[in-house]
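# Secondary and tertiary structure notes
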Amino acid sequence: MLKCRTVWKKLAPLARSSSTVCRQNVRRAGLNSGRIPTCVPAAHMSTGPAGGGRENQLYVLLVAATCVGGGVYAYLTVKGDSQRYQDRIDEIASRSTKQATEQSAALIQLEPPAVEATETEAVPEPEPQAAPSPEEPSPPAPDAEVLAPVETTELPPAADEPVVEASPEEAAEPPAAVVVEEEPPAPSEPSPAELTEPAPAPVADSGKHSVPESPAAEPTEPQLEVVAESGDSSPASLKLPSHTPYLLIGGGTASFAAARSIRARDPGAKVLIVTDESVPPYMRPPLSKELWFSDDPSVTETLRFKQWNGKERSIYFQPPSFYINAEELDGAENGGVAILSGRKVVHMDVRGNKIQLDDDTEISYDKCLIATGGAPRNLQVIERAGEEVMKKTTLFRKVEDFKSLDKVSRNVKSITIIGGGFLGSELACALGRRSTECDLEVIQMFPEKGNMGKVLPEYLSNWTTEKVKREGVKVIPEALVKSVVCKDDKLEIQLKDGRLVKTDHIVAAVGLEPNVDLAKSAGLEVDSDFGGFRVNAELQARSNIWVAGDAACFYDIRLGRRRVEHHDHAVVSGRLAGENMTGANKPYWHQSMFWSDLGPDVGYEAIGIVDSSLPTVGVFAKATAKDTPRAATEKSGTGIRSESETEDTATSAVASSTSAPAMVQQKDEYGKGVVFYLRDKVVVGIILWNVFNRMPIARKIIKDGEEHADLNEVAKLFNIHDD
């Protein structure tokens, strides 16, 4: 087409000039003959006067030749383009066929020599084995053993056939153990050839063993193990993943909830949990509650307990078989949850999206959750007292602490618990029950006036203290520890008021310090008031980093910025973080609850801000046999009550029809009731004392944030006056 356009540009001026000359001749002829009409027929143009006829003929011929030439050229050009287009289409269509043919040809060229070699060596072998005795084939066996290693070392990637060649020769020898050592590490490709050879069943079995090993590791690694003839092939062939899509730092409740949430939204997700503990994720509440009331002498080994309703369960969320090995995570087709136990993350590179373990191993990630929880606090006077005192002190937090304290309680005469909060009071009641079975003195001391004095109103705290005393515990309130020394294998606790307490062992239950060691290397913000990693409403600390559980300092849309250290918060925040890691982008609006049981007969559930320094209003009623933790678990079917209530919502509360008495604060009896905590006349916290399975109603009251003129009427929503 370009050539045709060029020719036309050259011929166009000639055609225009010829047309102009023709018009001038016609005018000239009309002027010369005045007697002839000016309208000259078009047919006479070629036979006009002698002056212009020749030029007209040239013009006509030139135009005709141009048209014919252009038409012919255009036809040839279009025809050639069509042919080239068709050839190109045919070439593209036949390309895949050519590639397949070339590959098959290459395979045919490579395979026949190997097949011929195996056949030529395999055919003569049965003949000497059938006719002579087994003594004759023994001389060539060393030659085969020498050839096999040489070929495998020369061609490690594709040395399958030489291994097969060596196996039948060795199979013919009297010792069959050599065959078993040589063949199991072989890749899966030789197995068909082995099955066709006259080798017996052991060769086929070795092929079966090789099949599952090949996908988990590269072919070169098993071949290196063949040369080394090592029996422990799995550690050499598997290694920790250098990259994981989802990395969870910490092996507690929040991490497990996040992993379960990630897998629910992304079934093929690969999740790696890195924890410094040696056990899979487990529930912490039973460590200070139900496990101490178990009748099983081997409870420290099984870690199974009976709930208050009599049902037995384990503290572990899932058995070890639920998880996959960290080394197998990369090769897991359907993904899974892997646990890297006994490892600690010591450095975090936020910009590079990678972490460093305590053994200098680096693992990169796409999205990361920090759920490092916290470490139990200790008293400075105990830390300064020296190593002897520290050896006789337990900081209660993990499974190992439960096992250690259980052993100590069976071998000593006296245990002193320092702390009057949830953990200290629960352990005091648990050990107090044990003191009736053996000769054990249990002492509890704290700076408050009564048990859980920072949480409960004073009258309820005093009642709780009396309850703890009835369990066999010697309670020392308003006790401030001045010093601790070890004398004559006994610990002497000197109080600031001059009192001296002697004991064999100390349990420090004085709070939790959030683990924010990664904040410095990661450049993450730590809240100066509440501690913990500061996160937004979606629990994000960075664009691809989330924080959940005890270590998260989040913003509560109703109560302001908070940090919560309870099981229910770990479950819900971990679950939400897992959803947001898969793209949910949900804010954290949940009001988490917590509960505490002083044995199977007294317990309470709380939500919101429960601080004894706030004004409180309590409404109580007479309790029945159904108003105990034991009855609550029998009704809900689970001892971890948050698991049954976190999914419920209170849409419309039905008030009790029974008339309620005035706000009662009996001196000696608080069977069941509701305690409201107020701030600016608005309910910001609620404790349900021996009232269970009503938490959605309490959550709705706090969420509404309304002022209530008569809280006695609000208490009717919990049906505390119903029998």
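Residues numbered from 1 in each chain as written. Predicted model: local features only at pLDDT ≥ 70, side-chain atom pairs only at ≥ 80, totals over all residues. Heavy atoms only, no water.

## A short note on the side chain of T394
If you trace the backbone, T394 turns up in strand β10 (residues 393–395). Apart from residues lying up to four places away in sequence, T394 is in contact with D401, L405, H505, I506, V507 and A508. (Helix = DSSP H or I, 4+ residues; strand = E, 2+ residues; numbered from the N terminus. Contact = heavy atoms within 4.5 Å.)

## What about the nonpolar core?
Ranked by internal contacts, the top residues of the largest apolar core, which has 72 residues, are F676, I686, I687, W689 and F718. If one sorts the elements of this core by residue count, strand β28 (residues 682–689) sits on top with six residues. The residues contacting W689, other than those within four sequence positions of it, are L456, L460, W463, T464, V602, G603, Y604, F620, Y670, G671, K672 and G673. Core analysis: the second largest hydrophobic core is formed by 56 residues, V271, L329, I370 and A551 among them. (Core = buried A, V, L, I, M, F, W, Y, C linked by side-chain atoms within 4.5 Å. Buried < 20%, exposed > 50% of the residue type's maximum accessible area, 1.4 Å probe, protein only.)

## So, the packing of helix α11 (residues 253–265) against helix α19 (residues 567–581)
It is the contact of α11 with α19, at a shortest axis distance of 7 Å, that shows an interaxial angle of 35 degrees. The handedness of the crossing between α11 and α19 is right-handed. Of the residues in α19, those touching α11 at T253, A254, A257, A258, S261, I262 and R265 are H567, A570, V571, G574, R575, G578, E579 and M581. Tallied by class, residues from the contact of α11 with α19 come to seven nonpolar, five polar and three charged. (Axes fitted to C-alpha atoms, helices over the stretch in contact; angles between N-to-C directions. Left-handed = near helix turned anticlockwise from the far one by under 90°. Nonpolar A, V, L, I, M, F, W, Y, C, P; charged D, E, K, R; others polar.)

## Observations concerning unusual backbone geometry
Of note in the backbone geometry, D488 takes a positive phi value of approximately 55 degrees without being a glycine. Looking at where D488 falls in the secondary structure, it is placed in the loop between β14 (481–487) and β15 (490–495). Taking the relative accessible area as the measure of exposure, D488 reaches 78% and is therefore exposed. Non-glycine residue N690 carries a positive phi angle of around 55 degrees. By the element assignment, N690 lies in the loop between β28 and α22 (695–704).

## What to know about the pairing of strand β25 (residues 603–608)
Successive side chains on a regular strand alternate, one facing one side of the sheet and the next facing the other. Taking burial as the measure, the six residues of β25 include six buried ones, the bulk of the element. When strand β24 (residues 593–597) meets β25, the two strands line up antiparallel, connected through five bridges. Within β25, the position partnered with M593 by the bridge is I607. (Pairing = 2+ DSSP bridges.)

## Examining the packing of aromatic side chains
Inspection of every chain in the model, using the stated rule, returns 14 aromatic pairs. Measuring from ring centre to ring centre gives 4.7 Å for F256 and F317, while their planes differ by 5 degrees; the resulting arrangement is stacked. On the criterion of sequence distance, the pair formed by F256 in helix α11 and F317 in the loop between β4 (312–314) and β5 (336–340) is long-range, its members being 61 residues apart. Comparing F256 with F317 shows no difference in burial state: the two are buried. Centre to centre, the rings of F256 and F322 are 6.3 Å apart; their planes meet at 55 degrees, and the pair counts as tilted. Residue F256 is located in helix α11, and its partner F322 is located in the loop between β4 and β5; the two are separated by 66 residues in the primary sequence. Taken together, the ring pairs connect F422, W463, F594, Y604 and W689 into an aromatic cluster. Above the plane of the ring of W463 lies R470, whose end atom (NZ or CZ) is 5.9 Å from the centre. In this structure, K703 is placed above the aromatic ring of W589, and the distance from its NZ or CZ to the ring centre is 5.1 Å. (Phe/Tyr/Trp six-rings, centres within 6.5 Å; stacked < 30°, edge-to-face > 60°. Lys NZ or Arg CZ within 6 Å of the ring centre and 35° of its normal.)

## Concerning the sheet that holds strand β22 (residues 552–556)
Taken in spatial order, the three strands of this open sheet run β19-β22-β23, and their pairing is mixed. What marks the edges here is a single partner per strand, and that holds for β19 (533–534) and β23 (560–562). In terms of strand pairing, β22 meets β23 through three bridges, oriented antiparallel. Of the residues in β23, the one forming a bridge with Y555 is R561.

## A closer look at the pairing of strand β1 (residues 243–249)
Most of β1 is tucked away, with five of its seven residues classed as buried. Here β1 runs beside strand β8 (residues 362–370); their pairing, made up of six bridges, is parallel. When the bridges of β8 are listed, L248 appears paired with L369.

## Examining the pattern of salt bridges
Scanning the model with the defined rule gives 26 salt bridges in all. The residue K391 makes a salt bridge to E387 at a minimum N-O spacing of 3.8 Å. Taken together, the residues span about one helical turn, with K391 and E387 both in helix α14 (residues 387–391) at a distance of four residues. Each member of the pair K391 and E387 is classed as exposed. (Salt bridge = Lys/Arg side-chain N within 4 Å of Asp/Glu carboxyl O.)

## Re the sheet that holds strand β13 (residues 473–476)
Spatially, β10-β17-β11-β12-β13 is the arrangement adopted by the five strands of the open sheet, whose pairing is parallel. Edge positions in the sheet fall to β10 and β13, since each of these pairs with one other strand and no more. Sheet twist, expressed as the average angle between the axes of neighbouring strands with direction ignored, equals 20 degrees. Two strands pair when backbone bridges link them, and strand β11 (residues 414–418) and strand β17 (residues 505–508) are joined in this way by four bridges, in the parallel orientation.

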